[in-house]
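Examination of the molecular architecture
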Amino acid sequence: MAKKLVIKVTAGTDAPERCSQAFTVAAVAAASGVEVSLWLTGESAWFALPGRAAEFDLPHAAPLPDLLDSVLATGRVTLCTQCAARRDITEKDVLEGVRIAGAQVFVQEAMTDGTQALVY
């Protein structure tokens with residue numbers, strides 16, 4: 001079994017079920033003791049900003065802020081560099097604990113031995 005899980009979520013409010021699935025899997029893995037690295041790309045980039053996850057609503061799904069907090073508590077959350085730039089998001093704008101990094105770092109994490117990568 002993989003010791004680390006790297007999850008790239010490309011969906012936000014534009015595809016709420018896919019978005020929720022990614023955050024749910026990340027939070028469940030983190031709660032299970034798996035080292036989690038959650039990457040926010042595309043429309044999910046907005047959830048790196050304070051208060052934005054609270055605006056997300058999907059019936060019968062766990063609240064996105066709770067899922068995000070769970071991952072932030074034990075794992076790592078990264079906002080894609082290009083996605084941030086396209087949305088004029090800077091390091092000073094993001095939630096505490098969220099870093100901004102690019103594709104090179106994603107590939108490095110995903111290719112590490114014992115790592116499973118998922119893309120939603």
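Residues numbered from 1 in each chain as written. Predicted model: local features only at pLDDT ≥ 70, side-chain atom pairs only at ≥ 80, totals over all residues. Heavy atoms only, no water.

With an unreviewed UniProt entry as reference, the protein chain is termed Sulfur reduction protein DsrE, source organism Streptomyces tendae.

To continue, consider the pattern of salt bridges. Applying the stated rule across the entire model yields 5 salt bridges. Close ionic contact of Glu35 with Lys4 constitutes a salt bridge, the shortest N to O distance being 3.9 Å. In this pair, Glu35 is assigned in strand β2 (residues 35-40) and Lys4 in strand β1 (residues 4-9), connecting sequence segments 31 residues apart. (Salt bridge = Lys/Arg side-chain N within 4 Å of Asp/Glu carboxyl O. Helix = DSSP H or I, 4+ residues; strand = E, 2+ residues; numbered from the N terminus.)

Moving on to the nonpolar core. By size, the foremost hydrophobic cluster in this structure holds 36 residues, and its most contacted members are Phe23, Leu38, Leu40 and Leu79. Elements that contribute at least two residues to this core include exactly β1, α1 (16-31), β2, α2 (64-74), β3 (76-80) and α3 (81-86). Excluding residues that lie within four positions of it along the chain, Leu40 makes contacts with Val9, Phe23, Ala45, Phe47, Ala48, Val77, Thr78, Leu79 and Cys80. In terms of nonpolar packing, the next biggest core, distinct from the first, is built from 5 residues, Trp39, Ala101, Phe106 and Ala110 among them. (Core = buried A, V, L, I, M, F, W, Y, C linked by side-chain atoms within 4.5 Å. Buried < 20%, exposed > 50% of the residue type's maximum accessible area, 1.4 Å probe, protein only. Contact = heavy atoms within 4.5 Å.)

Now for the state of the cysteines. Evaluated as defined, the whole model comprises 0 disulfides. Free cysteine: Cys80, not disulfide-bonded; nearest cysteine sulfur from Cys83 at 3.1 Å. Look at Cys80 and you get buried, because its relative accessible area is 15%. (Disulfide = S-S within 2.5 Å.)

Strand-to-strand pairing in sheets goes through backbone hydrogen bonds, with the strands running parallel or antiparallel. Pairing in this open sheet of 5 strands is parallel, and the strands run β4-β3-β2-β1-β5 from one edge to the other. What marks the edges here is a single partner per strand, and that holds for β4 (98-101) and β5 (115-119). Going across the sheet, the axis of each strand differs from the next one's by a mean of 25°, ignoring polarity. Judged from the 4 bridges that link them, β2 and β3 form a sheet pairing that is parallel. Looking at the pairing, Trp39 lines up with Thr78 of β3. Together, β2, β3 and β4 form the strand contacts of α2, whose direction differs from that of β3 by roughly 110°. Here helix α4 (residues 103-110) sits on the sheet in contact with β1, β2, β3, β4 and β5, set at roughly 145° to β1. (Pairing = 2+ DSSP bridges. Axes fitted to C-alpha atoms, helices over the stretch in contact; angles between N-to-C directions.)

We now examine unusual backbone geometry. Even without glycine at this site, His60 takes up a positive phi of about 65°. Here His60 lies in the loop between β2 and α2. Look at His60 and you get exposed, because its relative accessible area is 89%. In this structure, Asp88 takes a positive phi of about 55° despite not being glycine. The residue Asp88 is located in the loop between α3 and β4 in this model.

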